Amino acid sequence: DEVSQCKAAAVEAEELATECNAEQNELREHFEAAQRRLEEEWQQHKEAEEAAEQLRQSEAEKEATSRSADISSECDSLRDALANVEGAEAALAQKYEDLSQLLDKDRAGSKDLRGIIIDEQNRNRDLQEQLTEANKDRREARRAEAAKTREVERLKRQLELAERNQPLLEAQEG
């Protein structure tokens, strides 16, 4: 019964370790994918800023050749685009912060699971040691019982021999 409990505890510990590793890998992949998306969006943001800068420079050249009303309209449009990009940058920064917090929370959960697994492994090791000791005691008890059985058999043979020799002794005395 103790052996089956010990085996069940070992299986449970292994399952917990497997689940912990799978969950940790999934979180890592999730975080890496999010980080890649953030980097891609950041690169797009940089490209948009460079394009906006190029457009600003282009607008400066057009200002010399175009009417000021057209340039003013184009500048307004670029400012709106830049404001949108800056808004997207803030949203990305918030998303990155949220994902970082989620990752920290998941790491803490993984740490707790590792603690539980280590406790289970320690308990399993203690049970294994108890089982080993119990098996050793059982073997010693069997050896002692076998020795007693051999002694009883020896004494029975001695008694039988004495009982068989009793009439001969009585005949010799009589």
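Quick note: structure is the one above.
Every chain's residues receive numbers from 1 upward, in the order its sequence appears when written. Local features in this predicted model are restricted to residues of pLDDT 70 or higher, and side-chain atom pairs are both shown and tallied only at a pLDDT of 80 or more, whereas totals for entire chains, interfaces and linings draw on every residue. Heavy atoms throughout the structure, all of them, feed into the side-chain values; hydrogens and water do not.

Draft legend 1. Fine view of the overall build of the chain. Each helix and strand counted, the chain has 2 helices and 0 strands in total. Taking 174 residues into account, the globule formula puts the C-alpha radius of gyration at 16 Å, and the chain, at 43 Å, lies well above it. In terms of overall dimensions, the chain has a C-alpha envelope of 155 × 20 × 15 Å along the principal axes. When a residue's accessible area, from a 1.4 Å probe over protein chains only, is under 20% of the maximum for its type it is buried; when over 50% it is exposed; and in between it is partly exposed. Scored against the burial criterion, the 174 residues of the chain give a buried share of 15%. Think of it this way: any DSSP run of H or I at least four residues long counts as a helix, any run of E at least two long counts as a strand, and we number them from the N terminus. Our radius of gyration looks at C-alpha atoms and nothing else; its globule reference is 2.2 Å times the residue count to the power 0.38.

Draft legend 2. Structural context of the pattern of salt bridges. Counted as salt bridges are all cases of a side-chain nitrogen of Lys or Arg within 4 Å of a carboxyl oxygen of Asp or Glu. Following the criterion strictly, the structure yields 4 salt bridges and no others. The partner of E120 in a salt bridge is R123, and the shortest N-O contact between them spans 3.4 Å. Placement of the pair is E120 and R123 together in helix α2 (residues 68-173), with a separation of 3 residues, close to one helical turn. The exposure class of E120 is buried, given its relative accessible area of 16%. Residue E151 pairs with R154 through a salt bridge whose shortest N-O separation is 2.4 Å. With E151 and R154 both in helix α2 and 3 residues apart, this pair spans about one turn of that helix.

Draft legend 3. Summary view of the environment of D76. Checked against the element boundaries, D76 lands in helix α2. Once the C-alpha coordinates of D76 and L55 are considered, the two residues, 21 residues apart in sequence, prove to be 12 Å apart.

Draft legend 4. Structural detail: a positive patch on the surface. A contiguous patch of positive charge, built from K136, R138, R139, R142 and R143, is present on the exposed surface. Residue position: K136 is located in helix α2. Exposure above 30% relative accessible area and no salt bridge define the residues that can form patches, which grow by joining like charges within 9 Å and nonpolar side chains of Val, Leu, Ile, Met, Phe, Trp and Tyr within 5 Å. All accessible-area figures derive from a Shrake-Rupley calculation using a 1.4 Å probe, and residue coverage is judged against the displayed protein chains alone. The charge count includes Lys and Arg as positive and Asp and Glu as negative, but it does not include His or the ends of the chains. Think of each charge as sitting on NZ of Lys, CZ of Arg, CG of Asp or CD of Glu.

Draft legend 5. Layout of the side chain of N124. Of note, N124 is situated in helix α2. Aside from chain neighbours lying at most four places away, what touches N124 is C6 and A10. Residue contacts are counted whenever heavy atoms from the two residues lie within 4.5 Å of one another.

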